[in-house]
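Descriptive structure summary
Residue strings, one per chain:
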Amino acid sequence: MPGAIYAEGLVKTFGDVKALDGVDLDVPEGTVLGLLGPNGAGKTTAVRCLTTLLTPDSGRAFVAGIDVLKHPNEVRRSIGLSGQFAAVDEYLTGRENLQMVGQLYEMRAKEAKARAGELLERFHLTDAADRPSKTYSGGMRRRLDLAAALVVSPPVMFMDEPTTGLDPRNRQGLWEVIQELVAGGTTLLLTTQYLEEADHLAHDICVVDHGRVIARGTADQLKAQTGGERVEVVVHERDHIATAREVLSGFGKGEAAVERHTRKLTVPVTGGAKLLAEVIRELDTRGIEIDDIGLRRPTLDDVFISLTGHMAEVREEEAEVEKEDAS
Ligand SMILES: Nc1ncnc2c1ncn2[C@@H]1O[C@H](COP(=O)(O)OP(=O)(O)OP(=O)(O)O)[C@@H](O)[C@H]1O
Ligand SMILES: [Mg+2]
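Parameters and conventions
- Residues numbered from 1 in each chain as written.
- Chains lettered and ligands numbered in written order.
- Predicted model: local features only at pLDDT ≥ 70, side-chain atom pairs only at ≥ 80, totals over all residues.
- Heavy atoms only, no water.
- Helix = DSSP H or I, 4+ residues; strand = E, 2+ residues; numbered from the N terminus.
- Contact = heavy atoms within 4.5 Å.
- Areas by Shrake-Rupley, 256 points an atom, 1.4 Å probe, with all protein chains shown as cover.
- Lys, Arg positive; Asp, Glu negative; His and termini not counted.
- Charge placed at Lys NZ, Arg CZ, Asp CG, Glu CD.
- Phe/Tyr/Trp six-rings, centres within 6.5 Å; stacked < 30°, edge-to-face > 60°.
- Lys NZ or Arg CZ within 6 Å of the ring centre and 35° of its normal.
- Expected span 1.5 Å × (residues − 1).
- Buried < 20%, exposed > 50% of the residue type's maximum accessible area, 1.4 Å probe, protein only.
- Near = heavy atom within 4 Å.
- Polar contact = N/O pair within 3.5 Å; in protein donor to acceptor, adjacent residues only side chain to side chain.
- Pairing = 2+ DSSP bridges.
- Salt bridge = Lys/Arg side-chain N within 4 Å of Asp/Glu carboxyl O.
- Patch = residues over 30% accessible without salt bridge, like charges linked within 9 Å, V, L, I, M, F, W, Y side chains within 5 Å.
- Axes fitted to C-alpha atoms, helices over the stretch in contact; angles between N-to-C directions.
- Parallel < 35°, antiparallel > 145°, perpendicular 65-115°, else oblique.
- Left-handed = near helix turned anticlockwise from the far one by under 90°.
- Nonpolar A, V, L, I, M, F, W, Y, C, P; charged D, E, K, R; others polar.

1. Focus: the overall build of the protein chain
A count of helical and extended segments in the protein chain gives twelve helices and 14 strands. By principal-axis analysis of the C-alpha atoms, the protein chain measures approximately 75 × 45 × 35 Å. Contacts in the protein chain between residues at least 24 apart in sequence constitute 67% of all its contacts with a sequence separation of at least 6. Accessible surface for the protein chain amounts to roughly 16000 Å². Of this, 49% is attributable to carbon and sulfur atoms. The distance from the centre of the 38 positive side-chain charges to the centre of the 53 negative ones in the protein chain is 2 Å.

2. So, the packing of aromatic side chains
Summed over the entire model, instances satisfying the criterion amount to one aromatic pair. The aromatic ring of Y194 is capped on one face by R171, whose charged end is 3.7 Å from the ring centroid.

3. Some words on helix α5 (residues 138-149)
The end-to-end C-alpha separation of α5 is 17 Å, in line with the 16 Å expected for twelve residues at 1.5 Å each. Extensive coverage of α5 is indicated by the burial of nine of its twelve residues. Against the buried residues of α5 lie β6 (79-81), α3 (94-104), α4 (109-122), β7 (156-160) and α6 (168-183).

4. Here we look at the site of ligand 1
The environment of ligand 1 is formed by 14 residues, the closest being G40, G42, K43, T44 and T45. G40 places a polar main-chain atom, nitrogen or oxygen, 2.7 Å from an oxygen atom of ligand 1. In this structure, Q193 approaches ligand 1 through a side-chain N or O atom, which is 2.9 Å from an oxygen atom. Alone, ligand 1 offers 630 Å² of accessible surface; in the complex the protein occludes 61% of this. For the shell around ligand 1, the secondary-structure elements that each account for two or more residues are β2 (17-27) and α1 (43-50). In terms of residue count, α1 provides more of the shell around ligand 1 than any other element does, three residues in total.

5. Side note on unusual backbone geometry
Within the chain, E106 stands out as a residue other than glycine whose phi angle is a positive 65°. Within the element layout of this structure, E106 appears in the loop between α3 and α4. The class for E106 is exposed, based on a relative accessible area of 72%.

6. What to know about the pairing of strand β1 (residues 5-14)
Here five bridges tie β1 to strand β4 (residues 58-63), and the two strands are oriented antiparallel to one another. Counted as the bridge partner of A7 is A61 from β4. Direction of pairing for β1 relative to β2: antiparallel, over a ladder of eight bridges. Bridge pairing links L10 to V23 in β2.

7. Observations regarding the pattern of salt bridges
Summed over all chains, the structure comprises 19 salt bridges. For the salt bridge of R212 with D21, the shortest nitrogen-to-oxygen distance reads 3.2 Å. Residue R212 is located in strand β10 (residues 212-217), and its partner D21 is located in strand β2; the two are separated by 191 residues in the primary sequence. Each of the salt bridges in this network shares a partner with another, and the network as a whole consists of R230, E232, K264, R296 and D302.

8. Regarding a nonpolar patch on the surface
A contiguous nonpolar surface patch, about 310 Å² in accessible area, is contributed by M100, L104 and Y105. Positionally, L104 belongs in helix α3.

9. Points about the environment of G9
Note that G9 resides in strand β1. Classification of G9 by relative accessible area gives partly exposed; the value is 27%. The residues contacting G9, other than those within four sequence positions of it, are G22, V23, D24, S58 and G59.

10. Overview of the packing of helix α9 (residues 241-251) against helix α10 (residues 272-285)
Axis angle and axis distance: for two packed helices, these are the angle between their axes and the distance between the axes, and together they describe the pair. Orientation of α9 relative to α10, taken along the N-to-C sense of each, is 150°, at an axis distance of 10 Å. Here α9 lies roughly antiparallel to α10, going by the angle between them. For α9 against α10, the interelement crossing comes out right-handed. Across from A244, V247, L248 and F251 in α9, the residues of α10 making contact are L275, E278, V279, E282 and L283. Of the residues contributing to the contact of α9 with α10, the split by class is seven nonpolar, no polar and two charged.

11. Some details on the side chain of T45
Mapped onto the elements, T45 comes out in helix α1. Relative accessible area serves as the criterion here: at 11%, T45 is assigned to the buried category. Setting aside its immediate chain neighbours within four residues, T45 contacts K12, F14, A19, L20 and L54.

What follows is the structure, given as structure tokens:
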């Protein structure tokens, strides 16, 4: 039984760029899939293919059990997509915009009004609710657009970088709304540049690069794949690196790695805090002064870097958006 979002062998080429090079996805109903990948990996292209905005060159896709290529109109009726369908009318107030969306989806006026009020509060737009949305700052518009996508709870939702450019408070607000939606049975595909967000929200994660899925699993599975816990030590003196390395290698699962210019040594270990205490004692016995020591577990950032060879980056100009907020 394929999931609520299902894709098989999606290929999409733009000129000589293979934006999607055979992508398979299967998202079980009521779960969140986090689609991660560096800029240009193909995330938006995948979302656009799945939401009928682009036709793939080849492959198949089903959303809510409906064939995306054969029945695009039906698919459009069962999905929500932030940033695309929600056409915010500049001359209407924020509140009017949200109520209008509700009425478009045949909500009763009273219900639409209540939902609008709730979402305005959620996204901290209550104070600005009754002025025309053309007076909103960049971050406020973005929030209104997200709110508009959330007026009704469709069975399947797509969100392409929903929190890029939101300040931490509004990001938290969106996370809460998402969690409620999913608890109510909505299936969500989310792309994000914030790995912490994927860690927090996604049941499963797909890492894409150059149009291909290069890793998939839960956040914990991906972290385990990247390597378990490590002890990191920064020694005070460069002359102590060799001895420290000998000590650490003795405790580790392998040889300690050295970064000379920062005087940092890293070794994979098992044994947690107890082992850490032993390492500290042994270094002390050998007369090695340390500036810093710690036990590190891999984060999703480590996973991302080891898989794609570079850091997730947040586009500067988008991160700036929220700063324009006057409220
Ligand atoms: N309409 C288009 N015409 C030409 N090339 C395109 C078009 N849309 C996407 N591409 C190219 O396809 C590749 C994948 O782009 P896509 O927007 O899907 O990446 P992304 O993973 O969403 O990146 P980002 O993290 O920057 O949003 C890129 O090389 C991009 O330049
Ligand atoms: Mg994109």
